[in-house]
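Architecture at a glance
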Amino acid sequence: MNWDLFEGLLSGVNKYSTAFGRIWLSLVFIFRLLVYVVAAERVWSDDHKDFDCNTRQPGCTNVCFDHFFPVSHIRLWALQLILVTCPSLLVIMHVAYREAKQQRHRAAGGDNGHCLYPNPGKKHGGLWWTYMLSLVFKAGVDIVFLYIFYHLYRNYTLPRLVKCELSPCPNVVDCFISRPTEKNIFTLFMVVTTCICILLSLIEATYLIGKRCRKCILAGSSDSQDCSPSSAEPAGMEGQVFHGVDYKPPTASIPPTASSPDAPPKEETLP
């Protein structure tokens, strides 16, 4: 396995996720993937070999094992982990598409080109929908696999003894499962971690929807305040100019009259 590539993918998912998404990623990586690789595979490695039936009839053991264990836990968990982590990679691919589109736009328009995505990793527009659909898909996959496990293995537990009467078994034979207690512990552990991951995905989806609704409400309230009547001029006051307290109106100059003491005397004309 190429751990450098895997580390790069994890860092990319962690970079574009919310706080709930980072917790989900840590839970999947530590409590599901590492437990699967380190411990669970070894527990189920001798699953078919140590399935013993009290008969020597050829083919009876294989038929009974296939009936009671149609799909191995390990293969179901591997498929589940692959399907659960794929939507996170789609988010990284969407961000990479935005960055490539931004670079092509800058190369075509030069330095004066308009910036298409000031922050390509910001969850708005199409990236918000991609992220939201990834959360719904991850929760849906986990729920479907929980149902599959419950349908195949009732109550998520394995019995110590199963009775089989399928052909070519000569009669009802007893078959014994290897390590049933240890397998039940690992099964319940994986079920609990899966339920926690489903809860985190739903909480993160609710958080993003609530944040989006709050942003829309605030934007609508700001638009309504800008268009409210209080911001317009009162009726009948359009075109009027208001001055401050220290304003002094201009005084008109009055020409001097004959009765004014400052008026110059008239010259008398001699007859």
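This report concerns the structure included in the present document. (Residues numbered from 1 in each chain as written. Predicted model: local features only at pLDDT ≥ 70, side-chain atom pairs only at ≥ 80, totals over all residues. Heavy atoms only, no water.)

**Section: the packing of aromatic side chains**
- On inspection of all chains with the given rule, the structure shows 10 aromatic pairs.
- Between Phe65 and Phe69 the ring centres are 5.3 Å apart and the planes differ by 35°, which places this aromatic pair in the tilted class.
- In this structure Phe69 comes out as buried when scored by relative accessible area, which is 8%.
- Through a chain of ring-to-ring contacts, the aromatic side chains of Phe51, Phe65, Phe69 and Tyr153 assemble into a single cluster. (Phe/Tyr/Trp six-rings, centres within 6.5 Å; stacked < 30°, edge-to-face > 60°. Buried < 20%, exposed > 50% of the residue type's maximum accessible area, 1.4 Å probe, protein only.)

**Details of the nonpolar core**
- Grouped together as the largest cluster of nonpolar side chains are 42 residues, with contacts concentrated most on Trp24, Phe51, Cys64, Phe69, Trp77, Val173 and Cys175.
- For this core, the secondary-structure elements that each account for two or more residues are α2 (19–43), α3 (60–68), α4 (73–109), α5 (126–152), β2 (161–164), β3 (173–176) and α6 (180–226).
- The element that contributes the greatest number of residues to this core is α2, accounting for eight residues.
- Residues contacting Trp77, with those up to four places away along its chain left out, are Tyr36, Ala40, Trp44, Phe149, Phe186, Thr187 and Met190. (Core = buried A, V, L, I, M, F, W, Y, C linked by side-chain atoms within 4.5 Å. Helix = DSSP H or I, 4+ residues; strand = E, 2+ residues; numbered from the N terminus. Contact = heavy atoms within 4.5 Å.)

**Notes on the sheet that holds β3**
- Taking strand neighbours across the sheet as the criterion, the three strands line up as β1-β3-β2 in an open arrangement whose pairing is antiparallel. Whereas interior strands pair on both sides, the edge strands pair on one side only; in this sheet they are β1 (52–53) and β2.
- In this structure, β2 lies alongside β3, joined through four bridges in antiparallel fashion. The residue bridging Val162 from the neighbouring strand is Cys175, located in β3.
- Most of the contacts of α3 go to β2, to which it runs at about 115°, and overall it touches β1, β2 and β3. (Pairing = 2+ DSSP bridges. Axes fitted to C-alpha atoms, helices over the stretch in contact; angles between N-to-C directions.)

**Overview of the pairing of β3**
- Across two bridges, β1 lies against β3 in antiparallel orientation. Note that in β3 the partner of Cys53 across the bridge is Cys175.

**A few points about the side chain of Lys138**
- Looking at where Lys138 falls in the secondary structure, it is placed in helix α5.
- An unpaired buried charge is present at Lys138: no salt bridge exists, and Glu204, the closest side chain of opposite charge, is 5.2 Å distant.
- Lys138 has contacts with Trp24, Val84, Pro87, Ser88 and Ser201, leaving out every residue within four places of it along the chain. (Lys, Arg positive; Asp, Glu negative; His and termini not counted. Salt bridge = Lys/Arg side-chain N within 4 Å of Asp/Glu carboxyl O.)

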